[in-house]
Amino acid sequence: MNDIKIDPKQYVIKDEPYYEAVDNEVSLYQSAYDVRMPMMIKGPTGCGKSRFVEYMAYKLGKPLISVACNEDMTASDLVGRFLLDKDGTKWQDGPLTTAARIGAICYLDEIVEARQDTTVVIHPLTDHRRELPLDKKGELVKAHPDFQLVISYNPGYQSLMKDLKQSTKQRFGGLDFDYPETELEVSIVAKESGVDKAMAEKLVQIAHRARNLKGHGLDEGISTRLLVYAGQLIAKGVDAQSACSMTMITPLTDDPDMRDTLHAAVQTFLG
């Protein structure tokens, strides 16, 4: 094991994250956790997947270890590796191993960004075995009774080259996420950003206009996260159209025609 003992309390979320339930996802996740079912959270960018996992970890009072997956991530980045120091070599657990040892919820964000030969290391933790072989160290880690694995990804980015294998998918229960209904999204934007309800409604209307363009020039629509960013700037006194351009148009596309279309939508609701 590591030379340094891990304190699970450092991974416990102290303050309650703000989350508004859209449907029965809270009770469904609670039931899944009760049987330690591995969970897959699917939905578009910025719709609240990560916030939901943080909220559930807080609600359950469990440590949360999050990993932002990327294409350069190796199995050793998840599991651990031997490191050299002045005294020789020592083993350093990766985040997945740490979570399995201390009974944390391990959240692998955007799992499809990782290489498939990396993601297979999670398989023994997601069936009846609930164990993690550390081949390089010659140790078999039995997962703590409280351990749970949660993954998320955006189905909109699926392709033949970037998707989960069926052998991985069928180890998880799944929850579908999407952007909230209009009234709820208005409430979230107002609460998170500090703008009044009228301005939040205008921002949400702009987002709806942009989301209709998904697949017709836009890879993704304007997320709830971007609406909150815009609202935060407006609440700080930034001109509304400038705030929308900075947060809801410039990050979304470089296509001049599409930018003109989005600017027109902003002008329509804020002009």
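- Per an unreviewed UniProt entry, the protein carries the name AAA family ATPase and comes from Bathymodiolus thermophilus thioautotrophic gill symbiont.
- Per its UniProt entry, the protein bears the Sequence similarities (unreviewed entry) comment "Belongs to the CbbQ/NirQ/NorQ/GpvN family."

1. Things to note about the pattern of salt bridges
Then step 1. Under the definition given, this model contains 15 salt bridges.
Then step 2. Its salt-bridge partner being K62, residue D146 comes within 3.2 Å of it at the nearest N-O pair. Of this pair, D146 sits in the loop between β7 (139-142) and β8 (148-153) while K62 is found in the loop between α2 (49-60) and β2 (64-68), placing the two residues 84 residues apart along the sequence. In this pair, the class of D146 matches that of K62, namely buried.
Then step 3. Here D117 makes a salt bridge to R115, at a shortest N to O gap of 3.1 Å.
Then step 4. One salt-bridge network, in which partners are shared between bridges, spans D93, R101, K137 and E139.

2. Some thoughts on the domain arrangement of the protein
Then step 1. You can read the domains of the protein as domain 1 (8-176) and domain 2 (182-270).
Then step 2. For domain 1 versus domain 2, the separation of C-alpha centres amounts to 31 Å.
Then step 3. Summed over both sides, the interface between domain 1 and domain 2 buries roughly 840 Å², with carbon and sulfur atoms accounting for 56% of that surface.
Then step 4. In terms of surface lost to domain 2, no three residues of domain 1 exceed Y18, E20 and G46, which account for 53% of the buried area on that side.
Then step 5. A salt bridge links R51 to E192, with the shortest nitrogen-to-oxygen separation between them at 2.9 Å.

3. A short note on the UniProt feature "domain: CbbQ/NirQ/NorQ C-terminal" (unreviewed entry) in the protein
Then step 1. The UniProt entry lists residues 185-268 under the feature "domain: CbbQ/NirQ/NorQ C-terminal" (unreviewed entry), expressed in the numbering used here.
Then step 2. Secondary structure over residues 185-268 splits into 70% helix and 0% strand, and the C-alpha atoms at its two ends are 20 Å apart.

4. Regarding the confidence of the model for the protein
Then step 1. Across the protein, the average pLDDT comes to 93, with 96% of residues at or above 70.
Then step 2. Confidence scores differ between elements of the protein, with helix α5 (residues 116-119) showing the lowest mean pLDDT of 84 and helix α1 (residues 25-34) the highest of 98.

5. Section: α1
Then step 1. By the burial criterion, the buried members of α1 are E25, V26, Y29, A32 and Y33. Each buried residue of α1 sits inside an arc of 125° when the element is viewed along its axis, so together they form one side.
Then step 2. Looking at the packing, one finds that the buried side of α1 touches β1 (39-42), α2, β5 (105-109), β8 and β9 (173-176).
Then step 3. Positive phi shows up at R36, right after α1, with a value of about 55°.

6. Some thoughts on the sheet that holds β5
Then step 1. The strand order β2-β5-β8-β1-β9 describes an open sheet built from 5 strands, whose pairing is parallel. Looking along the sheet, the strands with just one partner apiece sit at the ends: β2 and β9. On average, each strand axis in the sheet is tilted by 20° relative to the strand beside it, whichever way the strands run.
Then step 2. Where β1 and β8 come together, 4 bridges link them in parallel fashion.

7. Here we look at the packing of aromatic side chains
Then step 1. What the rule picks out here adds up to 5 aromatic pairs.
Then step 2. Pairing Y29 with F52 gives two aromatic rings, centres 5.6 Å apart and planes at 90°, and the pair type is edge-to-face. Taken together, the residues Y29 in helix α1 and F52 in helix α2 connect sequence positions 23 residues apart.
Then step 3. A relative accessible area of 0% means that Y29 is categorised as buried.
Then step 4. Three or more aromatic residues joined by ring pairs form one cluster here, namely Y19, Y29, F52, Y55 and F177.
Then step 5. When the ring centre of Y18 is taken as origin, the NZ or CZ atom of K191, which lies over that ring, is 5.6 Å away.

8. Quick notes on the pairing of strand β6 (residues 131-134)
Then step 1. The pairing of β6 with β7 spans 4 bridges and is classified as antiparallel. The residue bridging L134 from the neighbouring strand is E139, located in β7.
Then step 2. What sits between the antiparallel neighbours β6 and β7 is a turn of 4 residues, in which G138 has the positive phi angle 70°.

9. Digging into the packing of helix α10 (residues 240-249) against helix α11 (residues 256-270)
Then step 1. At a closest axis distance of 10 Å, the pairing of α10 and α11 adopts a crossing angle of 145°. Pair α10 / α11 crosses with right-handed handedness. Packed against α10, whose contacting residues are A240, Q241, C244, S245, M248 and I249, the element α11 presents R259, L262, H263, V266, Q267 and L270 at the interface.
Then step 2. Residues belonging to the contact of α10 with α11 are distributed by class as follows: 7 nonpolar, 4 polar and 1 charged.

10. Overview of α2
Then step 1. When the terminal C-alpha atoms of α2 are compared, their 17 Å separation across 12 residues agrees well with the 16 Å that a helix rising 1.5 Å per residue should span.
Then step 2. By the burial criterion, the buried members of α2 are K49, F52, V53, Y55, M56, A57 and L60.
Then step 3. Its buried side turned inward, α2 meets α1, β1, β2, β5, β8 and β9.

Reading the values: the criteria
- Residues numbered from 1 in each chain as written.
- Predicted model: local features only at pLDDT ≥ 70, side-chain atom pairs only at ≥ 80, totals over all residues.
- Heavy atoms only, no water.
- UniProt positions renumbered as here; feature names shortened; annotations may be inferred.
- Salt bridge = Lys/Arg side-chain N within 4 Å of Asp/Glu carboxyl O.
- Helix = DSSP H or I, 4+ residues; strand = E, 2+ residues; numbered from the N terminus.
- Buried < 20%, exposed > 50% of the residue type's maximum accessible area, 1.4 Å probe, protein only.
- Domains from an automatic or database assignment.
- Buried area = accessible area lost by both parts, 1.4 Å probe.
- pLDDT = per-residue confidence, 0-100.
- Arc of directions from axis to C-beta.
- Contact = heavy atoms within 4.5 Å.
- Pairing = 2+ DSSP bridges.
- Axes fitted to C-alpha atoms, helices over the stretch in contact; angles between N-to-C directions.
- Phe/Tyr/Trp six-rings, centres within 6.5 Å; stacked < 30°, edge-to-face > 60°.
- Lys NZ or Arg CZ within 6 Å of the ring centre and 35° of its normal.
- Left-handed = near helix turned anticlockwise from the far one by under 90°.
- Nonpolar A, V, L, I, M, F, W, Y, C, P; charged D, E, K, R; others polar.
- Expected span 1.5 Å × (residues − 1).

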